[in-house]
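# Understanding the architecture of this molecule
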Amino acid sequence: MKKSLYLLLLSGMSMTVFGQSSLYQTGTAKSLDENFELYQKELFGASKYGFEKLKSLEADTEPKIMADLYHALSAMKVEDPASSDLVYYFIRKYPDHPTTNYAAHMLGNFFFERRNYREAIQAFQKVNLNRIDFEQGSEINFKIAYAYLQLKDQSNALRYFNAVKSQPNQYKADAHYYAGFIYMEQGNYSQAIMDFQEADKSSFYANKVPYMLAGAYYKQAMYTELINYAEPVLANRRNLDRREEIHLYLAEAYFEKRDFAKAASNYDAFVNARRGELSRAQIYKAGIAQFEIQNYQRATDYFKVAAVESDEIGQVSSYYLGHAYLKLNNPQFAINSFNAAYKGNANTAIKEDALVNYAKVNLERGSFQEAVNALDTYLSNYPNGRYAREAEGLLTDALINTSNYLRAIELIEKMPSKSERIRAAYQKITFYQGIVYYRDKRFDLAPTYFDKSINTPIDRDMVLEAMFWKGENFAAKGDLPQAIRAYETLQNQRPKNNHPFLIKSYYGLGYAYFNTEQYAKAETQFRNYVDRRQSIEDRGNYDEALVRLGDTYYVQKKFVEAQTTFQKAIAENNEFIDYALFRSGVVYNFQNRNNEAIGQLNQLINNYPSSLHLEDAIFQKAQINMEEMRYAEARDGLTRLINTRPNSPFVPFALEGRAVANFSQQNYDATIDDYKRILENHPNSSNAQSALVGLQESLSLQGRSAEFSQYASRYRSANPDNRSLQNLEFESAKSLYFSNSWDQSIRAFEDYLRNYPQAANRAEAVFFIAESHYRAGRIQNALDFFYQIDRERESPQRLRAVQRIASIELENRNFSKALPYLRESATNARNQIEKYESYSGLMQVHYEMTAFDSAIHYADRVIALGSVTGDAIPEAMLLKAKAYQKSNRVDDAEETLRDLINAYKTIHGAEGLFLLAESHHKRRSFVQSNDVIFDFSGPYSSYDYWYGRSFILLAENYIQLGEEFQARATLESIVERATHPEIKKMAQDKLSTLN
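Not measured: the values here are computed from a predicted model.

## Here's the deal with the overall build of the protein chain
Helix and strand counts for the protein chain stand at 55 helices and zero strands. Relative to the compact-globule value of 30 Å for 995 residues, the protein chain shows a C-alpha radius of gyration of 54 Å, a clear excess of over 25%. Along the first, second and third principal axes, the C-alpha set of the protein chain runs to 190 × 60 × 45 Å. Looking at the 995 residues of the protein chain, the share that counts as buried comes to 52%. Residue pairs in contact within the protein chain that sit at least 24 positions apart in sequence constitute 52% of those at least 6 positions apart. Only carbon and sulfur atoms are counted for the fraction: they give 46% of the accessible area of the protein chain, which is about 46,700 Å². Taking the average location of the 116 positive side-chain charges in the protein chain and that of its 124 negative ones, the two points are 1 Å from each other.

## Overview of the pattern of salt bridges
Side chains that differ in charge, positive against negative, can pair when their charged atoms come close. Scanning the model with the defined rule gives 58 salt bridges in all. Linking arginine 298 and aspartate 301 is a salt bridge whose minimum nitrogen-to-oxygen distance equals 3.4 Å. Of this pair, arginine 298 and aspartate 301 both sit in helix H18 (residues 296-306), three residues apart, which is roughly one turn of that helix. Exposure remark for arginine 298: the relative accessible area of 22% places this residue in the partly exposed category. Taken together, the shared-partner salt bridges connect Asp376, Arg407, Glu410 and Lys414 into one network.

## Quick word on the packing of aromatic side chains
For the structure on display, the rule yields 69 aromatic pairs. When the ring of tyrosine 945 is compared with that of tryptophan 946, the centres are 5.0 Å apart and the planes differ by 80°; the resulting orientation is edge-to-face. Residue tryptophan 946 is classed as buried on the basis of its relative accessible area of 17%. Taken together, the ring pairs connect Phe112, Tyr117, Phe124, Phe142, Tyr146, Phe161, Tyr171, Tyr177, Tyr178, Phe196, Phe204 and Tyr205 into an aromatic cluster. The ring of tyrosine 579 has arginine 548 sitting right over it, with the charged end atom 5.0 Å from the ring centre. Over the aromatic face of tyrosine 774 sits the side chain of arginine 804, whose NZ or CZ is 4.2 Å from the ring centroid.

## Brief notes about unusual backbone geometry
Even without being glycine, lysine 152 reaches a positive phi, approximately 65°. Looking at where lysine 152 falls in the secondary structure, it is placed in the loop between helix H9 (134-150) and helix H10 (154-165). Given the relative accessible area of 73%, lysine 152 is considered exposed. Positive phi values are uncommon outside glycine, yet glutamate 517 reaches one of about 65°. Mapped onto the fold, glutamate 517 is located in the loop between helix H29 (500-515) and helix H30 (519-533).

## Observations concerning the side chain of asparagine 662
Locating asparagine 662 in the fold gives a position in helix H37 (residues 651-664). When neighbours within four sequence positions are excluded, asparagine 662 is seen to be in contact with Arg635, Asn667, Ala670, Thr671 and Asp674.

## Digging into helix H33 (residues 577-590)
Its 14 residues place the ends of H33 20 Å apart at the C-alpha level, agreeing with the 20 Å of an ideal helix rising 1.5 Å per residue. With respect to burial, H33 is a largely interior element, 13 of its 14 residues being buried. Looking at the residues trailing H33, positive phi occurs at asparagine 592, about 60°.

## Some points on the side chain of asparagine 347
By the secondary structure assignment, asparagine 347 is in the loop between helix H20 (331-343) and helix H21 (348-365). Taking relative accessible area as the criterion, asparagine 347 reaches 19% and is therefore assigned buried. Polar side-chain contacts of asparagine 347 include one of 3.1 Å to the side chain of glutamate 312. Polar side-chain contacts of asparagine 347 include one of 3.0 Å to the backbone nitrogen of isoleucine 350. Apart from the residues lying within four places of it in its own chain, the contact partners of asparagine 347 are Glu312, Gln315 and Val316.

## Overview of the environment of leucine 679
When you line up the elements, leucine 679 lands in helix H38 (residues 668-681). Here leucine 679 falls in the buried class, since its relative accessible area comes to 3%. When the C-alpha positions of leucine 679 and asparagine 498 are compared, they lie 58 Å apart, and in sequence the two are 181 residues distant.

## Let's talk about the packing of helix H11 (residues 172-186) against helix H12 (residues 189-199)
Across the interface, H11 lies against H12 with an axial gap of 8 Å and an inter-helix angle of 155°. Taken together, the axis directions place H11 and H12 in an arrangement best described as roughly antiparallel. Along this stretch, H11 crosses H12, giving a crossing that reads as left-handed. Residues Ala173, His176, Tyr177, Ala179, Gly180, Phe181, Tyr183 and Met184 of H11 touch H12, and the partners they reach there are Tyr189, Gln191, Ala192, Asp195, Phe196, Glu198 and Ala199. Tallied by class, the residues present in the contact of H11 with H12 amount to 10 nonpolar, three polar and two charged.

## Examining the nonpolar core
Core analysis: the largest hydrophobic core is formed by 262 residues, its most contacted members being Phe161, Leu226 and Tyr267. Among the elements that line this core, the one with the most residues is H29, at 10 residues. In this structure, tyrosine 267 is in contact with Leu248, Ala251, Glu252, Phe255, Leu278, Gln282, Lys285, Ala286 and Tyr302, ignoring residues within four places of it in sequence. Within the second largest apolar cluster, 54 residues are counted, among which are Tyr752, Leu753, Ala855 and Ala859.

## Thoughts on the environment of glutamine 290
Position of glutamine 290 relative to the elements: it lies in helix H17 (residues 280-292). In this structure glutamine 290 comes out as buried when scored by relative accessible area, which is 2%. Along the sequence, glutamine 290 and arginine 640 sit 350 residues apart, while their C-alpha atoms lie 85 Å from each other. At a separation of 3.1 Å, a polar atom in the side chain of glutamine 290 contacts the side chain of aspartate 268.

## Quick word on the confidence of the model for the protein chain
Summary statistics for the protein chain give a mean pLDDT of 87 and a share of 94% for residues scoring 70 or more. This stretch, residues 1-25, has a pLDDT under 50; its non-local contacts, to residues over four places away or in other chains, come to 31 contacts.

## Examining helix H47 (residues 832-848)
With 17 residues, H47 should reach 24 Å at 1.5 Å per residue; the first-to-last C-alpha distance of 24 Å fits that figure. Among the 17 residues in H47, 12 count as buried, and that is most of the element. Among all positions in H47, only Glu834, Lys835, Tyr836, Ser838, Tyr839, Ser840, Gly841, Leu842, Met843, Val845, His846 and Tyr847 are buried. Its buried side turned inward, H47 meets helix H45 (798-811), helix H46 (815-828), helix H48 (852-865) and helix H49 (872-886).

## Side note on the environment of serine 367
Counting through the fold element by element, serine 367 comes out in the loop between H21 and helix H22 (368-381). You can call serine 367 buried: its relative accessible area is 2%. Along the backbone, serine 367 and serine 403 are 36 residues apart, and their C-alpha atoms lie at a distance of 9.5 Å. Other than its neighbours up to four places away in sequence, serine 367 contacts Asn362, Ser937 and Gly938.

## Some thoughts on the packing of helix H27 (residues 460-477) against helix H28 (residues 480-492)
Look at H27 against H28: their axes get within 7 Å of each other, and the N-to-C directions meet at 165°. As summarised for this structure, H27 and H28 are arranged roughly antiparallel, according to the angle between their axes. Judged by the twist between their axes, the crossing of H27 over H28 is left-handed. In this structure, H27 uses Leu464, Met467, Phe468, Lys470, Gly471, Glu472, Phe474 and Ala475 to contact H28, whose residues at the interface are Leu480, Gln482, Ala483, Ala486, Tyr487, Thr489 and Leu490. Its residues placed into classes, the contact of H27 with H28 shows 10 nonpolar, three polar and two charged.

Thresholds applied
Residues numbered from 1 in each chain as written. Predicted model: local features only at pLDDT ≥ 70, side-chain atom pairs only at ≥ 80, totals over all residues. Heavy atoms only, no water. Helix = DSSP H or I, 4+ residues; strand = E, 2+ residues; numbered from the N terminus. Rg over C-alpha atoms; globule rule 2.2 N^0.38 Å. Buried < 20%, exposed > 50% of the residue type's maximum accessible area, 1.4 Å probe, protein only. Contact = heavy atoms within 4.5 Å. Areas by Shrake-Rupley, 256 points an atom, 1.4 Å probe, with all protein chains shown as cover. Lys, Arg positive; Asp, Glu negative; His and termini not counted. Charge placed at Lys NZ, Arg CZ, Asp CG, Glu CD. Salt bridge = Lys/Arg side-chain N within 4 Å of Asp/Glu carboxyl O. Phe/Tyr/Trp six-rings, centres within 6.5 Å; stacked < 30°, edge-to-face > 60°. Lys NZ or Arg CZ within 6 Å of the ring centre and 35° of its normal. Expected span 1.5 Å × (residues − 1). Polar contact = N/O pair within 3.5 Å; in protein donor to acceptor, adjacent residues only side chain to side chain. Axes fitted to C-alpha atoms, helices over the stretch in contact; angles between N-to-C directions. Parallel < 35°, antiparallel > 145°, perpendicular 65-115°, else oblique. Left-handed = near helix turned anticlockwise from the far one by under 90°. Nonpolar A, V, L, I, M, F, W, Y, C, P; charged D, E, K, R; others polar. Core = buried A, V, L, I, M, F, W, Y, C linked by side-chain atoms within 4.5 Å. pLDDT = per-residue confidence, 0-100.

Right, dumping it as structure tokens:
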């Protein structure tokens, strides 16, 4: 049975007001008890109503006071809006009553529980702490402190928390915890540490305090204490609040103590928890920790994130990122990273280091032009820098290896002083530029650079080499006197007998003398070349020099020496054995050893049906048979020549020879037919008059003299009496053509044709008119004239017209029209150049007409001809690779492209590099595509379009690989440095998609 309200209250009071038994028996006491019982049962509405009825009791009696108190408390429990006023009224009315503290305490709790902290403080402060026990006082002080804390009044909160901390009580640990929190907020970390250490002794705060205490240790730079505290806590306590932050504090502490292994593991633990994010400074430090323990791959994960901004952290992160990629053998990423670090301006030392490293990696990767630019920038910006001397040495290496020699030469010539290394580099680079101009047939420009190299004689061997190529350049230009002087200058330097360029000069000078008809001097040079080449493995042009030596003997009528030389070539299975056989036959003929001569010629005719000298051999053999009066054999040989080579210049002479052979065999009808063919088809031939005489004699013997007049008349028309004037006009028109006066040339030839409509060289005049229109850019006019010549099937100019028609229709992209003319040109080609032009055209036509197998076939034929022109082979290889790609023969295409870029550093190689990288990209082999670009792109930097396309592709590969930092850095570099406007725009557009 519960105690009555009256007895319950009296038991807690310090004085007795009434006697117990008499009061309890009154009705008032019973009513109080009943309402109190309702209050205890939390029937606050009922108790409020009951106590309100008792408020009418006599004033200031104890029951009256109890009724007032519990009426106010009941109202408070049902959250009557006036309840707080009732409690405050009670406190004011009975300030000294023992229940006043209870009322204030209850009101404070009411507000506190409802987080009305301002009112709670006011109510709690009504409690007279001197009249309650310490435990209750501690509770009230703690709640006042907490309320002040929630109101952000840290000063008052701390004052009350400190009061709670003064003696043991149930709120002591809480007070230490919250006081520690406030001290942390105020930056008083030493006091915070002491409070947290006390709170940490409580089991309730054992999992809450550690991250706060660790933070306080860190703020005080007490790294040893932090480590000694946090490590066992992490190991021994489960369910720690914000465990990941303890790892972070540990990581920071270990980093400061340079224990990078433990720092790295704790940074990773924080990141792996996925409950927070590192600051950029912490990301940078995590990267440094991983870098220091040589975990370079993990270091890049951090540095990539820290490097995204252009502040000092970003700059230094990019710098370390570059070194990490070098350790990972990923130089392409390293290049972009060092470049990004150099662009930053926050840390000048890092900027300088990054620029040098950027240059070094480019140099090692073969990107010599990038290295040159970087080193030039370094020496300009840091002439007395830490790496100035090293940079000069590296620049020398880069300059020598760059493909942009003109830029390199410009850089060196601007240097105020040049070290020996730089001068040596200059000698090489100027030589290389001379070679470039020579290769590109810019013969007027090459000598200047060869002379620059010669005039910087650091390396004597290079001086000799430059002199040799200077001679080669003049020879190719056709300036033989200058070529002779260059070769002779080399030989006058008296190099060692086995010097390779001395030996090569014998060959070049031999040809120069030969072509200027200085045969005795040519003989000496060719003999010197042959004598030195025949005994070594690399015989160079030995085969050709040997037969040219034979020619020098021949033209000097040294037939024995000539025959010995040609026989030597034949015995050695010389590359030009067909020519040697022909010349041997001619020499035997001059020695009146005609059977041996025919034997040599038969070897050529029977064994080398594709020889360029086949017609000569057939004709020469027929001539010898005529000399030996073997007319039938002579006739058969000449017939073979006439039938198989209808466009040969030998045809009119073969017809004459066959006519003589037939005449000797008294076959006069055949004789007459051959003479007629000469007069009809070749009226301007040098043997036309002889044919006319022979025809007259043959017709007379046959009694057909009446037929002669028409041929005599035709001959006179083709060869009028004013022959000298006709030739003068023709040669004058030709002179205008060869002086590039196209319009004047056309008018001159048209006048000539009007004056001499029956001229034998009419077809040649028409051809010159066509050519002049072509040269003047009037392609359609030219084409009309070429087609006019083509319709004259017997015209000696027809083959030349066919070749030009093929070329024009190809340029006009009329592939079906070009095709038959190209085929005919190929069939009748008489030299390597004509074969090349025909095969190259057929290759292009078949490619454009999607006959890719045929395109590949003709590309191979072009390649087999060798370097007929400087670009012949690389152009054919590129088209062959494209044809393979169009045929979905990816492996064949890639193999061809690799061969192309390995062998030729031309624009074709630059495009081939892009196509190879693009092929890997399309197969999603992004890393392999990047490797191709970085491994091979260096020599192609001067071909700005394809070089730029390759690096835009590189950025696209990075995007696919998730390397946005690298993609952005690459595109920014292209935008900054690209010289081709289309490439710059492509890079800008791509970059905008990343922003």
